[in-house]
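Given next are the chains, with one letter for each unit.
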Amino acid sequence: MRDEKQPVHRVGKFSILRSLWYRSRAEAMDDAEAGRSITMPIESSMPPLQQVLRRLAMALLVLAVTTLLVWFDRDGYNDNSDGSVDFLDAAYYATVTLSTTGYGDITPVSDTARLTNIFVITPLRVLFLIILVGTTLEVLTERTRQQVRVHRWRSRMRDHVVVVGYGTKGRQAIETLLGQGIRKEKIVVVDPQRKTVEAASSDGLVSVLGDATRSETLRKAELQSAAHVIVAPQRDDTAALVTLTARQLNKRATIVAAVREDENVPLLKQSGADTVVTSSSSAGRLLGVSMASPHAADALEHLMTYGSGLDLVERPVTQDEVGRSSRECTDLVVAVVRGKTVFDYTEPQAASLQAGDRVISIRQSVSTT
């Protein structure tokens, strides 16, 4: 695990404007490197025909403004044909100037020829420039816009959730987070596979391509300023390395990790994980419950699936509930959290709720639609 120093991104009101006007060499190289790894959510764009029509309208607007400028200053122009410049002459001058046609050996003299140049030949030239030059400019603009989006995102991202691994566990964790009201803009996915990163981007999530056991990859996800980290890779040894690296970068974040085997739980705890979930043991217990009572297994599945009817939530005790029994709460309280200790609702310590307690309760799902 490497721990090189990275440029510090200053967060300020004029950070984005400053980055457009001036960036140090280190900042520019850092943003360029991050832009190659960070995939932003796909933005909705206009259909190609609408984009061409919009560009054509802008070109015609520039043509009209140029024509008016020439018309208002017509005394400063000379027409070799009749010596005076009228509005048609001004429009003709504007078209041949903007289209870089120039003047010389062939000069339209009649009104019909000049009208043909204005309404037929010039639009064709403009269309040609749109197709030829516009494509190149669009590519350059897209690169600049991507760098600006990445810079703005890295400058503003604070107290977000970093999810390492976008497999089945990672996807389900993100669905639960979204059901709890966390916005997609506050979730960052880190995965080593490009197809997985592209899938996360298609789902509207910011994603980082790279090895999450390396500190520079996690820095690109702004993990050092994250509030929560979910570690859900495919291998337990990878989960341990990612957890250790994440804890070194961020001492205050809550880290929840998933492992396959129970014997690896102490290793994840020592690496800095606050909570470790054993997927194989949890699946085995659910299988046992399903054998003994299929209905109980269905109820547990509903409780673990956020928004499916009943939700298992943790909330603070309200002022009205202080001094009362947990059984007197409006929702069904199953446990009381006091400090770092969890009491079952049947224990004497949970008989009277205290200020600062938190309760784990079952309540009806609230629709987010």
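This is a predicted model, so every value here is computed, not measured.

## With respect to the overall build of the chain
For the chain, the count of helices and strands is 12 helices and 11 strands. For the chain, the residues scored as buried account for 36% of the 369 residues in total. Counting every atom, the chain has about 22,500 Å² of accessible surface; 59% of that belongs to carbon and sulfur.

## Some thoughts on helix α7 (residues 194-202)
Along α7, the residues classified as buried are Thr196, Val197, Ala200 and Ser201. The buried residues of α7 occupy one face: seen down the axis, they fall within an arc of 140°. Opposite its buried face, α7 presents the exposed residues Arg194, Lys195 and Ser202, each directed more than 90 degrees away. Looking at the buried side of α7, the elements it contacts are β1 (38-39), β3 (187-191) and β4 (206-209). Downstream of α7 by a residue or two, Gly204 has a phi angle that is positive, lying close to 90°.

## Quick notes on the sheet that holds strand β2 (residues 161-164)
Pairing within the open sheet is mixed, and its 7 strands lie in the order β1-β4-β3-β2-β5-β6-β7. Pairing within the sheet leaves two strands with one partner each, and these edge strands are β1 and β7 (275-278).

## What to know about the environment of Leu98
Summarising the element assignment, Leu98 is placed in helix α4 (residues 87-98). Taking the C-alpha atoms as reference, Leu98 lies 7.4 Å from Leu63; in sequence the two are 35 residues apart. Residues within four places of Leu98 in sequence aside, it is in contact with Val62, Leu63 and Thr66.

## So, the packing of aromatic side chains
Taken as a whole and judged by the stated rule, the model has 1 aromatic pair. Ring centres of Trp71 and Phe87 lie 5.7 Å apart, and the angle between their planes is 75°; this geometry places the pair in the edge-to-face category. Linking Trp71 in helix α3 (residues 48-72) with Phe87 in helix α4, this pair joins segments that are 16 residues apart in sequence. For Trp71, a relative accessible area of 25% corresponds to the partly exposed category. According to the relative accessible area criterion, Phe87 is partly exposed, its value standing at 43%.

## Let's talk about unusual backbone geometry
Apart from glycine, the bulk of residues carry a negative phi angle, and the bulk of peptide bonds sit in the trans form. Phi angles above zero are rare outside glycine, and Asp159 is one such case at about 55°. Within the secondary structure layout, Asp159 lies in the loop between α5 (111-156) and β2. Even without glycine at this site, Glu222 takes up a positive phi of about 55°. Inspection of the secondary structure puts Glu222 in the loop between α8 (215-220) and β5 (228-231). Using a relative accessible area of 4% as the deciding quantity, one classes Glu222 as buried.

## Describing the packing of helix α11 (residues 279-292) against helix α12 (residues 294-304)
Interhelical geometry of α11 versus α12 gives an angle of 140° and a closest axis separation of 5 Å. As far as their axial angle goes, α12 and α11 are oblique. Across the interface between the two elements, Leu286, Val289, Ser290 and Ala292 of α11 pack against Pro294, Ala296, Ala297, Leu300, Glu301 and Met304 of α12. Taken together, the residues of the contact of α11 with α12 break down into 8 nonpolar, 1 polar and 1 charged.

## Observations concerning a nonpolar patch on the surface
There is a patch of nonpolar side chains on the surface, built from Leu61, Val65 and Leu69 and spanning about 300 Å² of accessible area. Along the chain, Leu69 falls in helix α3.

## Points about the sheet that holds strand β10 (residues 341-344)
Either a parallel or an antiparallel arrangement is found when strands of a sheet pair, and the pairing is made through backbone hydrogen bonds. As summarised here, the arrangement of the 4 strands in space is β8-β11-β9-β10, forming an open sheet in which the pairing is antiparallel. Each end of this open sheet is capped by a strand with a single partner; those strands are β8 (310-316) and β10. Taking each pair of neighbouring strands and ignoring which way they run, the sheet shows an average axis angle of 30°. Here β8 runs beside strand β11 (residues 358-364); their pairing, made up of 7 bridges, is antiparallel. Bridge pairing in β11 places Asp311 opposite Arg363.

Criteria and thresholds
- Residues numbered from 1 in each chain as written.
- Predicted model: local features only at pLDDT ≥ 70, side-chain atom pairs only at ≥ 80, totals over all residues.
- Heavy atoms only, no water.
- Helix = DSSP H or I, 4+ residues; strand = E, 2+ residues; numbered from the N terminus.
- Buried < 20%, exposed > 50% of the residue type's maximum accessible area, 1.4 Å probe, protein only.
- Areas by Shrake-Rupley, 256 points an atom, 1.4 Å probe, with all protein chains shown as cover.
- Arc of directions from axis to C-beta.
- Contact = heavy atoms within 4.5 Å.
- Pairing = 2+ DSSP bridges.
- Phe/Tyr/Trp six-rings, centres within 6.5 Å; stacked < 30°, edge-to-face > 60°.
- Axes fitted to C-alpha atoms, helices over the stretch in contact; angles between N-to-C directions.
- Parallel < 35°, antiparallel > 145°, perpendicular 65-115°, else oblique.
- Nonpolar A, V, L, I, M, F, W, Y, C, P; charged D, E, K, R; others polar.
- Patch = residues over 30% accessible without salt bridge, like charges linked within 9 Å, V, L, I, M, F, W, Y side chains within 5 Å.
- Salt bridge = Lys/Arg side-chain N within 4 Å of Asp/Glu carboxyl O.

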